[in-house]
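Spelled out from the first residue to the last, the chains are:
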Amino acid sequence: MKHSASRISTSRTPRRTAAAPAATAAATVLALAGLVATAAPAASAAPAAAPAARTAAAATSATAAAAPDIPLANVKAHLAQFQSIASANGGNRAHGRPGYKASVDYVRAKLDAAGFTTSLQQFTSNGATGYNLIADWPGGDPNQVVMAGAHLDSVSSGAGINDNGSGSAAVLETALAVSRAGHQPAKHLRFAWWGAEELGLVGSKHYVANLSSTDRSKISGYLNFDMIGSPNAGYFVYDDDPVIEKTFKDYFAGLGVPTEIETEGDGRSDHAPFKNAGVPVGGLFTGASRTKTSAQAQKWGGTAGQSFDRCYHSSCDNTSNINDTALDRNSDAAAHAVWTLSAGTSEPPAGDTYQNTTDVPIPDGGAAVSSSVTVTGRTGNAPSALRVGVDIVHTWRGDLVVDLVAPDGTAYRLKNASGGDSADNVRETYTVDASSETANGTWSLRVQDTARYDTGYINSFSLTF
């Protein structure tokens, strides 16, 4: 992963004891039953879902074929090959060095043997030739392309086994699993391995810049996998396209593994050029140089006060620098997303969505804050089943009171504070009977942290009419 400055960090220790993920999930379900209060008109909570603002990528479908398990041994065998390549070529696989081209040749040979159509895209950076490797799986709707990618280059100081052999190996093994299964999804599948990411996303920028506007519009989603086996791992999901984000979150929820929004490398990996070009993006990450907090260690295990990857951009980023559990889970999640998002069998909830994705910090034990959307061009009143998408990142959701405020100032209580609501974050879609309210105007999500010692922010707020 390209080096980046952190955007948000929390160092407070929440007022809770460690609990098994399954127990935390159960507590969350029980807590939802007590959200409705009499202080304001009632809203009902639908099953947890991220607000959907696009229809470009498909949501999970019960009829979609299930993804196969990705064998950890296979992924680690690719990592061993990357290590051997680095060891035989000056200790690294960096752009312009022989170890990078040998890595490309290794991956391409595997894909060619599996029946993919592969191509090398050349570019020049720092006076050296770089390569992007693109692999297309035959079949699927060419007007709806699901891409999965990872950068294949390392920094010059080491073999880059976690950064980013881990993502490259997982994407490779997912592609090989497509071949083994003879998978024929509705959408077209394309896989990519990027060059010169460590020099500023050079390869992926080159690829996107050389797509025609028509070809860009055909990409219904790009999934990025950069550092997914960090030894002191966290489980981070990109909060970009809501459908892709929900696909990953639902997968980890099914494992009983809590996730957090990825902020350490936000916009600093190969998804950024796609996002800037209007392509829906998402991805996974297990952390780099940022320090794991006590709260995160309680959720995920590992060591608080230590970097997620102490060997980030160092010579010790070798095959010993991998958390097998994290690598296994994230590889399986990658396959799940590829299978699910390429199925093309369902779409996000219908309706016009108005969304605000600007982060709003929530004062610790302080005054209420709001995130607002302005609704225009509608006639009459709001519906009796107005969907309110709430995504709040917070280390202790039990402290939070959440209201929807209509344009005339009427407040609809979505969530009460509760000492028994011992979980992170508020990610729900609530249903509000707002049929007495004029649709047009400024609607607000109002959030107040009623107690001290925990921190967070409003990540996004949406209304779907």
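Just so you know, these numbers come straight off a predicted model, no measurement behind them. The numbers attached to residues start from 1 for each chain and follow its sequence in the written order. Under the rules for a predicted model, residues below a pLDDT of 70 receive no local features and side-chain atom pairs below 80 are neither given nor counted, while totals for whole chains, interfaces and linings still include all residues. Each side-chain value is worked out from all heavy atoms of the structure, with water and hydrogens disregarded.

K.L.:
How should I be thinking about the overall build of the chain in this particular structure?
P.N.:
Numbering goes from the N terminus for both helices and strands, where a helix is a DSSP run of H or I of at least four residues and a strand is a run of E of at least two. From N to C terminus, the chain includes 10 helices and 18 strands. Burial classes follow relative accessibility: with a 1.4 Å probe on protein chains only, a residue under 20% of its type's maximum area counts as buried, one over 50% as exposed, and anything between as partly exposed. The buried share of the chain, reckoned over its 465 residues, is 56%. Of the contacts made within the chain by residues no fewer than 6 positions apart, 80% connect residues no fewer than 24 positions apart. In what follows, a contact means two residues having at least one pair of non-hydrogen atoms within 4.5 Å.

K.L.:
Where do I start with the sheet that holds strand S15 (residues 411–415) in this structure?
P.N.:
Through backbone hydrogen bonds, the strands of a sheet pair up, either in parallel or in antiparallel fashion. One bridge is not enough; two strands pair if DSSP finds at least two bridges between them. Here four strands make up an open sheet; going across it, the order is S12-S17-S14-S15 and the pairing antiparallel. Across the chains shown, the open sheet's two edge strands, defined by having one partner strand only, are strand S12 (369–375) and S15. Taking the axes of each pair of neighbouring strands and ignoring which way they run, one obtains an average angle of 20° across the sheet. Pairing analysis gives six bridges linking strand S14 (residues 400–405) to strand S17 (residues 441–449), with the strands arranged antiparallel. The axes are straight lines fitted to the C-alpha atoms, using for helices just the contacting stretch, and the angles between their N-to-C directions are given from 0 to 180°.

K.L.:
How should I be thinking about the sheet that holds strand S2 (residues 117–125) in this particular structure?
P.N.:
Strand order in the open sheet made by the eight strands is S2-S3-S5-S4-S6-S9-S7-S8, with mixed pairing throughout. Looking along the sheet, the strands with just one partner apiece sit at the ends: S2 and strand S8 (260–261). Here five bridges tie strand S4 (residues 141–151) to strand S6 (residues 219–225), and the two strands are oriented parallel to one another. Its bridge partner lying in S6, Met-147 is registered against Tyr-222. Each of S6, strand S7 (236–237), S8 and strand S9 (281–285) touches helix H7 (residues 242–255); the most contacted strand, S9, lies at about 35° to it.

K.L.:
It is not clear to me how the packing of aromatic side chains should be interpreted in this structure. Could you clarify?
P.N.:
To describe a pair of aromatic rings, one takes the distance between the centres and the angle between the planes. Each Phe, Tyr or Trp ring (for Trp, its six-membered ring) is paired with any other whose centre lies within 6.5 Å, and the angle between the two planes then decides the class: stacked below 30 degrees, edge-to-face above 60, tilted in between. Overall, the coordinates contain 17 aromatic pairs when judged by the stated rule. Consider the rings of Phe-236 and Phe-285, whose centres lie 6.1 Å apart with planes at 45°: the pair is tilted. With a gap of 49 residues between them, Phe-236 in strand S7 and Phe-285 in strand S9 connect regions that are remote in the sequence. Each of the two residues, Phe-236 as well as Phe-285, counts as buried. Geometrically, the ring pair formed by Tyr-354 and Phe-465 is edge-to-face, given 5.6 Å between the ring centres and 85° between the ring planes. You can see Tyr-354 sitting in strand S10 (residues 353–356) and its partner Phe-465 sitting in the segment after strand S18 (456–464), a full 111 residues away along the chain. Its relative accessible area of 15% is what places Phe-465 among the buried residues. An aromatic cluster is built from Tyr-235, Phe-236, Tyr-251, Phe-252, Phe-285, Trp-300 and Phe-308, whose rings are joined through pairwise contacts. A ring has a charge above it when a Lys NZ or an Arg CZ is no more than 6 Å from the ring centre and no more than 35 degrees off the ring normal. The residue whose ring lies beneath Lys-101 is Tyr-131, and the NZ or CZ to ring-centre distance is 5.4 Å.

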